[in-house]
Amino acid sequence: MPPAVTSPTTAWRKEKVTFERCIPNVPQARTRIVLQHQPQPAQDVEPQVDVLVVGAGPTGLTAASEAIRHGLTVRIIESKSYRSTFSKALVAHARTLEVFETMGIADEILAEGTRFAALNTHAGRRRRAVRVSLLDQPWGDTAYPFWLSIPQYATERILEDHLNALGGEVEWQTTLDRLQDRADHVEATLTRADREDEVVRARWVVGADGGRSRVREQVGLRLDRSDAGATFVLADVKTSANLTEDEGHVFLHPAGLLLIVPMPEPRRWRIIAHVPTPPADAPLTIDAAFLDELIRERSGIEFGSHDVVWESQFNLSHGVADHYRRRRVFLAGDAAHVHSPVGGQGLNTGVQDAHNLLWKLGLARRMDAEAAERLLDSYEAERRPIGHAMVRGTAQVTRILTTRGSLIRTVVGAMAPAVIRRSAVQARLGRNVGMLDIAYPDSPIVPAAAVPAGAGRRMPNPELRACGRLYERLDRTGHTWVVRGAAGETTPDPNHPRWNGLPLVHVTDDALLHHVDGVAQVALVRPDRYIAAAGDTPEGVWSQVDGRLIPAPDVAAGTPATSD
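Rules and cut-offs
- Residues numbered from 1 in each chain as written.
- Predicted model: local features only at pLDDT ≥ 70, side-chain atom pairs only at ≥ 80, totals over all residues.
- Heavy atoms only, no water.
- Helix = DSSP H or I, 4+ residues; strand = E, 2+ residues; numbered from the N terminus.
- Expected span 1.5 Å × (residues − 1).
- Buried < 20%, exposed > 50% of the residue type's maximum accessible area, 1.4 Å probe, protein only.
- Core = buried A, V, L, I, M, F, W, Y, C linked by side-chain atoms within 4.5 Å.
- Contact = heavy atoms within 4.5 Å.
- Pairing = 2+ DSSP bridges.
- Phe/Tyr/Trp six-rings, centres within 6.5 Å; stacked < 30°, edge-to-face > 60°.
- Lys NZ or Arg CZ within 6 Å of the ring centre and 35° of its normal.

Our focus in this paragraph is helix 8 (residues 346-364). Between its first and last C-alpha atoms helix 8 spans 27 Å; for 19 residues at 1.5 Å apiece the expected length is 27 Å, and the two agree. Most of helix 8 is tucked away: 19 of the 19 residues are buried.

Written out as C-alpha cells, the structure is:
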C-alpha cells in the first residue's frame, strides 16, 4: 500500500483491516439509505489518512495538492492506467489562475498557455464579423486579465508534478469499490488489477471522479441529468489556413454553431460544432475530410485540416448533484455538476471547488466537532449555488445557440451582432466569464451584517506602488487582516491583542495604484482570498465571526505585519 503523504507536523499510523464484501443482489437504493441515515458506530480506531481523493483529473489533483499544503495527509487514486494525453478542457480563467498562484504554480501554467486576444463573431458571410477585444475589457484588479488557452493534459501534468514535488503520488489503476460510514471516519474498499483489495480508513473522502461518480453513487446522492437535445463534435486539428493565432471565432450559421478556438501549439485549433444527432448505431467519422466540409459550409474557410490528434462526439446533458456533502464525503468538479462546454467553465469550477473545500478541511482537523461541522457545511452552501448558476447559465446560452430549426438560427444570427456590439455585453466576457465576481453572501460563515462592507466577496487584488500586488502579502494558508489607512498613518502593532495573533497587512491608500471599492477599512481575509468579515475596527470585525472557525494552531502560524 503506498503511504499517505504526511505533512511535516502530522503523523499517521498504518494498520491492516479486514473487510467483508457487500452481499450480492442487494438493491443499491437500500444501500444508499443505510449510508445516509445509519452510520455505523465508531470503532475507536484512528483513520490512516486524513483525505482520500477519488479521481486524478484537475479537480482531484488540486484537492490532493491543497490537502498537503494545508497540513493534511492524503492519498489520491485513479482508475485509469495513466494521465490522459488529450486536450479536453481548454480554457483557464482569471479566478482559477489566482488559485494556481496561491498554490504556487501560476508561472508554469502561463508558460504552457496562450492568451486569447479577441473573439470574433460571424453571422453570415456577407456581414462583417464583430471583433471583441478580450484584453481591453474592464477586468479591474486581477493580475490575469485574459482567457488562457491551455489543454487539459498540460494543466494535469503541471498539477501532478506539483503534487509529486509536495511528496504526493497518484495511485493509478486503483478503483473505489465501496464506501462505508463509520461515524468518525469512512472505510473505503479499493481494488487494483494486480493486487488484493485494500480497505482504507479516511477521515474524509473527496469524490472528484467525474460525471458518473462512484463516490456519489455509494453515498446515495443524485445528479439528475437533463438532456439538452444537442450533439456536439470536438476535434484538435492543424490547419494550412492563415488564421490569427490568438483570436477565436464563433460562426452562427443556419446549419449549426461552429467555434474555432486557438491552442498553444502553432497552427493547431480546437473545433467545436453542433451537429445533427446521428443514429446510435452510426456515429460520425470525425476526420480531416469531415472537418474541412463542416468548416467550409459554416465559415467559408478552406481550412486544410490535417493531423487530427483528438476527436470526440457526445450528446449534451447538464445537471447538479442534490447535495455536495454527505457527512464525511464531499463531491467536487464533474461529480457535482455536468454542463455544456460553452464558456469553458467546468474545469475552472472544479478547481475552485477543491480550493474552497481543502482549506476548510485543513482547519476542521484542528477544531472541536461542532465548529468543524459548521465550517464544513459552508462548502455546499457556498459552492452548490455557484455550480447551479454555472450549469443554468451555460445551458441557457447553449439552448439559444443550438435552437432547432434553420430559420430560428438565421434569426439568432441576424440579431447577435447588434447584441454583441453592446459594451455591457462585451464586458461580461471579462470579469463575469473570468469568475472574478463570484461571491458567497448567503454563506453560513459570512455574517449577514458585514455583507454591505464586503464580506463574502473576493478580496480585490490591487497593484501596489512599491511593487507587486496585495495577494502576495497575504498568508498562504491562514486568515490575514488587511487594513487600509490614510497616507502617513503609522502601521498598527501586530502584537496588540486586538488582532488576535493573526498576520496583518497594512496598506495606505496612496500605496494603491487603484482604489479598492466596496470593502471596509478593516477586512479579515480567508485563505481562499474571500472576505470573512469586514468593518471599521478589528474589534467590530471579530465580534461578527465565530472565533472557533480560526483555531489556535492557525493563529500561531501567523506571519509578521507588512506595510506599504
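Attention now goes to the nonpolar core. With 101 residues, the main nonpolar core has Val51, Phe100, Leu179, Val205 and Leu361 as its most contacted residues. No other element matches the 9 residues that helix 8 contributes to this core. In contact with valine 205, not counting residues within four places along its chain, are Leu52, Val54, Leu179, Val186, Val215, Arg328, Val329 and Phe330.

One open sheet accounts for 8 strands, arranged 6-5-13-14-15-12-16-19; its pairing is mixed. Where the open sheet ends on each side, the last strands, each with one partner, are strand 6 (130-133) and strand 19 (337-338). Of the strand pairs in this sheet, strand 5 (residues 118-122) and strand 6 are connected by 4 bridges, and their pairing is antiparallel. Bridge assignment links asparagine 120 to a residue of strand 6, and that residue is arginine 131.

The subject of this paragraph is the pairing of strand 16 (residues 306-320). By the bridge criterion, 9 bridges tie strand 12 (residues 226-238) to strand 16 in an arrangement that is antiparallel. Within strand 16, the position partnered with valine 233 by the bridge is glutamine 313.

Between its first and last C-alpha atoms helix 2 (residues 58-69) spans 16 Å; for 12 residues at 1.5 Å apiece the expected length is 16 Å, and the two agree. Burial runs high along helix 2: 12 of the 12 residues are buried. Burial in helix 2 covers these residues: Pro58, Thr59, Gly60, Leu61, Thr62, Ala63, Ala64, Ser65, Glu66, Ala67, Ile68 and Arg69. Positive backbone phi, approximately 80°, marks glycine 71, located one or two places after helix 2.

Moving on, we get to the packing of aromatic side chains. Here the structure, examined in full by the defined rule, presents 8 aromatic pairs. When the centroid spacing of 5.3 Å and the interplanar angle of 70° are considered together, the rings of tryptophan 481 and tryptophan 499 count as edge-to-face. Remark: tryptophan 499 occurs in the loop between strand 20 (480-485) and strand 21 (504-508) and tryptophan 481 occurs in strand 20; sequence separation between them is 18 residues. Exposure remark for tryptophan 481: the relative accessible area of 0% places this residue in the buried category. An aromatic cluster of three or more residues is present, and its members are Tyr324, Phe330 and Tyr379. The aromatic ring of tyrosine 471 is capped on one face by arginine 529, whose charged end is 5.8 Å from the ring centroid.

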